[in-house]
Amino acid sequence: MKKKIAALVTAIAAVLSITAMAQTVPESMPAVINEAGAVVINEAGSKAVLSCYDETGKLVYSNIYYKNDNGNIEMNIPSEYRDLKKRVYLIDSKRFLDVEAEQNAPEATPMPSETVKPTQSPSPTKKPSQSKPSIYEKEADSIYAPALVKDVETRADSNGEDIYAVTVFYHGKEMTIGIEEDLTISSAPQEYDFMRGKSMDSLQKGDVICMTANIAGDTVRTVDFIFRPTEEDIATGDADFGESFESLLSANGLVADKWPVMKYGSASSSDRYEYAFGIIGKKDENTLTLINKSGDEDTALEIDIQDDTIVYACNVDGKEYDVEITDVNGIETTIPKSMFDDGPVDLNDDYSYNYALVRLVDKTATEVILYNNYNE
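Residues numbered from 1 in each chain as written. Predicted model: local features only at pLDDT ≥ 70, side-chain atom pairs only at ≥ 80, totals over all residues. Heavy atoms only, no water.

Draft legend 1. Molecular detail of the pairing of strand 13 (residues 220-227). Burial within strand 13 is extensive, with seven of its eight residues counted as buried. As defined by bridge partners, strand 12 (residues 208-213) adjoins strand 13 across six bridges and the pair is classed as antiparallel. Note that in strand 13 the partner of M211 across the bridge is V223. (Buried < 20%, exposed > 50% of the residue type's maximum accessible area, 1.4 Å probe, protein only. Helix = DSSP H or I, 4+ residues; strand = E, 2+ residues; numbered from the N terminus. Pairing = 2+ DSSP bridges.)

What follows is the structure in structure tokens.
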């Protein structure tokens, strides 16, 4: 029997649940906050998802709750999220309930038994346009965003069953996502093919994954493994990962069995979504230049970056990787400009190099994940 998720914090869930059901959900009705700060509903159904949004409309907390012995669904919210805008999704009846932060009542109030039909279908663009980071021009662009893993641990849900709590940087924020214990990794690149079919406890700090959720937004449906930093320098080490480092992040030329890898010295593909990887050769105001093992600027990848491009960093110097959320100002090269401009860069293990894994949408970098200080 499939185990139930105790905590699901993912903006994918918000995007899918709002856009997919915008045409069918009944009109929202308020729920009640009791004196202890918990959201309480007395509603037919066994489970509900509570989501909290910050002042910009971004999803920052989400959790699934189950009906208790009193017949209520009581949602205890961490104190830091109690003053935020809240919304409840009733999984069984597929309805949304709005929760106003200023509401307060000593006891739970039963919800009306009849469903009020909306006079007009809710617009699917209002909430998502506020909740997604600005770098994503379309909702679909945010759904397959990569996530940088920070930590994985096992926790017990409200039924005493184990889940994996995976802490990631995702959509420019740190969040913890509950993933069912029996869910396994769907795909992996050639170099890490052994990760295919593994459970979430095989993930490590510094790994990059891609997740999708079901339409209700209460369950992570798939996890694809995209990248893991190597122990030795990628360009000057003995291993050959391909001209475009493709075996590090793809299998049969595709990342997560879906997206192509940009090739050095070749024209970009016509796909809207692409990945690129390489040594950071230089970074100008709106251009990130990546080079491969040849060090040749003539075959380099010129990637468009924006001020709102999402950037994460992983310091690979030492056994314990440090990961953080940064911005485009954190993108740096260790290669002197004079060396880069004078011809092919002589890459050797006397120098430290910074690398970048990039996802592009319509030829613009939406996310850049830095792997700094190789050979340090």
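Draft legend 2. Focus on the nonpolar core. Judged by nonpolar contacts, the single largest core of 82 residues is most densely connected at L290, L357, V358 and Y371. Ranked by the residues each element gives to this core, the list is headed by strand 21 (residues 353-361), at seven residues. Setting aside chain neighbours within four positions, we find L290 in contact with Y264, A276, F277, G278, I279, I280, G281, A300, L301, I303, A356 and V358. One finds V60, M75, Y81 and V99 within the second-largest nonpolar core, a separate group that totals 18 residues. (Core = buried A, V, L, I, M, F, W, Y, C linked by side-chain atoms within 4.5 Å. Contact = heavy atoms within 4.5 Å.)

Draft legend 3. Region of the structure containing a negative patch on the surface. Taken together, the side chains of D284, E285, E302, D307 and D308 make up a negatively charged region of the molecular surface. With respect to the secondary-structure elements, D284 resides in the loop between strand 16 (273-283) and strand 17 (287-291). (Patch = residues over 30% accessible without salt bridge, like charges linked within 9 Å, V, L, I, M, F, W, Y side chains within 5 Å. Areas by Shrake-Rupley, 256 points an atom, 1.4 Å probe, with all protein chains shown as cover. Salt bridge = Lys/Arg side-chain N within 4 Å of Asp/Glu carboxyl O. Lys, Arg positive; Asp, Glu negative; His and termini not counted. Charge placed at Lys NZ, Arg CZ, Asp CG, Glu CD.)

Draft legend 4. Highlighting the pattern of salt bridges. Taken as a whole and judged by the stated rule, the model has eleven salt bridges. A salt bridge links K282 to E297; the shortest N-O distance between them is 3.6 Å. Of this pair, K282 sits in strand 16 while E297 sits in the loop between strand 17 and strand 18 (301-304), placing them 15 residues apart in sequence. Sharing partners across several salt bridges, the network here consists of D141, R272 and D362.

Draft legend 5. Molecular detail of the side chain of N72. By the secondary structure assignment, N72 is in the loop between strand 5 (59-66) and strand 6 (73-75). Not counting chain neighbours up to four residues away, the residues in contact with N72 comprise V40, I41, N42, Y66 and K67.

Draft legend 6. Region of the structure containing the sheet that holds strand 2 (residues 32-33). Taken in spatial order, the three strands line up as 2-3-6 in an open sheet, and their pairing is antiparallel. A single partner strand is all that each edge strand has here, and the edge strands are strand 2 and strand 6. Bridge count between strand 2 and strand 3 (residues 39-41): two bridges; the pairing is antiparallel. Each bridged residue has a counterpart across the sheet, and for V32 the counterpart in strand 3 is V40.

Draft legend 7. Summary view of unusual backbone geometry. The backbone of H171 sits at a positive phi, close to 55 degrees, despite the residue not being glycine. Relative to the helices and strands, H171 resides in the loop between strand 10 (162-170) and strand 11 (173-180).

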